[in-house]
Amino acid sequence: MKWTKKHIISINDFSRDEIDFVLEKSGILEKKLSSSRTSSLMAGKILANLFFEPSTRTRMSFEAAMKRLGGITIGFDHPGISSEVKGETIADTVRIVSGYADVIVIRHPVEGSARLASEYSDVPIINGGDGANQHPTQTLLDLYTIKKEFKKIDGLDICIVGDLKYGRTVHSLTNSLENYDVRIRFISPQELRAPRQIVKSLSNRGIEVKETTKLNLKNSDVIYVTRIQKERFPDPQEYERVKGAFILNLNSLEGIRDNAIIMHPLPRVSEISTDIDSTKHARYFEQAKNGIPVRMALLCLVCDIKF
Amino acid sequence: MTEKEDKVLKIKTIKNGIVIDHIRQGKAPDVLKILGIDENFRDALTFAMNVPSRDLGRKDIVKVENRDIDTNEINKIAIIAPDATINIIKDYKVVRKEKVTLPEQIIGIIKCPNPQCITNKEREPITSVFVVKQVNPLILRCKYCEREISSGILTYIKAH
C-alpha cells in the first residue's frame, strides 16, 4: 500500500487498509528492536513534543520511539513554560515550531486542537490526545496488541468494561473496530452505557453488539477494561456502589477462555486487582510497551522514511 | 387533481418576491426563522404545509412578498430543506429558479454545540466546518472536535 497520510489526527480518518498497514509496519519495527535496540532511520531528524497538558506515558513513549530511531526530541511538557500563557494561539505556536522540527506531537486539552494544528504546520502533526476527542496512537497500539496476540482481529469476541460513556479510548477503539468483523459486548453501569450513536453505528456496520450491566467475562477473546471515574457521579454513594461491581479480580476470571487477554489503557486505579498481573491473561503492561513500535512506525511513515 | 392544480388552489401567486418550494414536510417554520420572518413582518406571507408532492410524498411551501434572498440564507435553507427550490418572482414571472445544494462541508454557518471545541475558542484563527456524514436523515460532524449533530440543527445555525 502506498502511504499518503501526512498527519495522524483521528482514527476516523483511517481506512481498514491503512490501519492494517500501520500494524504490519509496527511489527517490522518491533522485530528490528528485538535484534538491535536502536536504529538510524530517523537520524538527523527532530521531533517536537508540544504537551499543553501533563502526560507521562504518551510523551515518554514518543520520546523513546524517536530516540530508538536515532532522532532527537525537543519540546515542553507543561503549559506553564509554553508561549500559550503569554497569549499565543495554537496556530502561531505550531507555525513557529514547524520551522524547528521535522515532526510534531501535540497534546492539548481543547477538542479539535490537533486538527487546527495540522492546518498551520508545514511538517507532520501527530495527535497525542485532544481533550475528550481523539488519541489515535493509543487506538493503534490497542489494535496492534490484539493482532499480535491472535494474528487477526476479524472473528474475535471483544468485551469492553467500565466507563463506556465518557471514555475516549473506548470510543476510538469501537470506531476503529467498525472496520472489522467482530462481536462486541459492552459491560458498564447503567449510568455509563456507551453512547447510542456508537451502538447504532456498530450495528449499522453489521457488528453484533450486546450490552449488559453484569460483569460476565466468559466467551471473550479480548477483555478491555477502563477506569470508572468518581467525578462522573453526582452522588458519591452511588459511585461506591457501582465501582465495586466492575472490579476484576481472580474470581471474575473463572470460566473465561483459556487464551483470553485482559487489556487496559492505563493508568489503572483499582479496577484490575494486582493479583491478576501475574496471570497468563494480563496484557496491559505489554500493551503499553507496544506503544513504542507503533509510534516508531507512525513517525517513520509520516516522515516518508522507507523501512 | 395534479400537484400543480392543487398548489394553485391553495396558494395565491405573488407579484414580486420569493417562492420556496419542495421544503421537507414540517420544515416551513424553520425556513421562516432562517429568513428572520416573525410577527413583526409586514408584507404578505403565505405558507402551506403537508401539501402532496410527487417527489417528497408531502412537502411545505413558503411564499414571501417583496423579499429577496441572499447566498447565506440559501446555504442555511439547504441544511434544513436540502430538496428545496428557490424561485425569484418579478411581475408574476419566475425570473430565476435555483435548487439549493447541500455541500459536502458546511463552512461558517453552524456553531459547534461542544463548548470544549476549538471553534468556540475566540483566540484561534478558525471557522466552524461541519462535514455532511449522512444526508437523510441529516447527520453533521464537526471537522475539529468530531461532535455529531442530527436533531435540532436549526438551533446551532448562526444568526448572521
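These numbers come from a predicted model, not from an experiment.

S.K.: Which parts of the structure should I look at to understand the sheet that holds strand S4 (residues 125-130) of chain A?
M.R.: Within a sheet, neighbouring strands are paired by backbone hydrogen bonds and run either parallel or antiparallel to one another. All names here are of chain A. Read from one edge of the open sheet, four strands run S2-S1-S3-S4, paired in parallel fashion. The open sheet has two edge strands with one neighbour each: strand S2 (72-76) and S4. Geometrically, the sheet is characterised by an average inter-axis angle of 15° between neighbouring strands, direction not taken into account. This element, helix H2 (residues 57-68), spans strand S1 (46-51), S2, strand S3 (103-108) and S4 of the sheet and lies at about 175° to S1.

S.K.: Explain the environment of Glu 104 of chain B here, please?
M.R.: Residue and element names in this part refer to chain B. Within the fold, Glu 104 resides in the loop between strand S5 (93-99) and strand S6 (105-107). For Glu 104, a relative accessible area of 69% corresponds to the exposed category. Sequence separation between Glu 104 and Gln 134 is 30 residues; the distance between their C-alpha atoms is 9.9 Å. With sequence-adjacent residues up to four places away left out, Glu 104 is seen in contact with Phe 130, Val 131 and Val 132.

S.K.: What should I look at first to understand the confidence of the model for chain B in this one?
M.R.: Low pLDDT marks regions whose predicted coordinates should not be analysed in detail. Of the residues in chain B, 92% reach a pLDDT of 70 or more, and the chain-wide mean stands at 89. Across the interfaces of the predicted complex, the ipTM metric reaches 0.90, alongside a pTM of 0.90.

S.K.: Can you walk me through unusual backbone geometry in this structure?
M.R.: A negative phi angle is the norm for most residues apart from glycine, just as the trans form is the norm for most peptide bonds. Along the chain, Leu 266 of chain A connects to Pro 267 of chain A via a cis peptide bond; the corresponding omega equals 5°. Within the secondary structure layout, Pro 267 of chain A lies in the loop between strand S9 (261-263) and helix H9 (284-289). A cis amide bond, omega 0°, links Asn 136 of chain B with the succeeding residue Pro 137 of chain B. Here Pro 137 of chain B shows up in the loop between strand S7 (129-134) and strand S8 (139-142). For Glu 146 of chain B, which is not glycine, the phi torsion reads 70° and is therefore positive. Position of Glu 146 of chain B among the secondary structure elements: in the loop between S8 and strand S9 (148-149).

What counts, and where the lines are drawn
- All chains use their own residue numbering, which begins from 1 and follows the written sequence.
- The order in which chains are written sets their letters, starting at A; the order in which ligands are written sets their numbers, starting at 1.
- At least 70 in pLDDT is required for a residue's local features to be given in this predicted model, at least 80 for side-chain atom pairs to be given and counted, and no such filter applies to totals for whole chains, interfaces and linings, which use all residues.
- In computing side-chain properties, one takes all heavy atoms of the structure into account and sets aside hydrogens as well as water.
- When DSSP finds at least two bridges between two strands, those strands are taken to pair.
- Only DSSP runs of H or I reaching four residues or more are called helices, and only runs of E reaching two or more are called strands; each is numbered from the N terminus.
- Lines fitted to the C-alpha atoms define the axes, with helices restricted to the stretch that makes contact. Angles between their N-to-C directions range from 0 to 180 degrees.
- Only heavy atoms matter for contacts: two residues are in contact if any of them lie within 4.5 Å across the pair.
- Only protein chains enter the calculation, and the probe is 1.4 Å; a residue is then buried if its accessible area is under 20% of its type maximum, exposed if over 50%, and partly exposed in between.
- The pLDDT value tells you how sure the predictor is about a given residue, anywhere from 0 up to 100.

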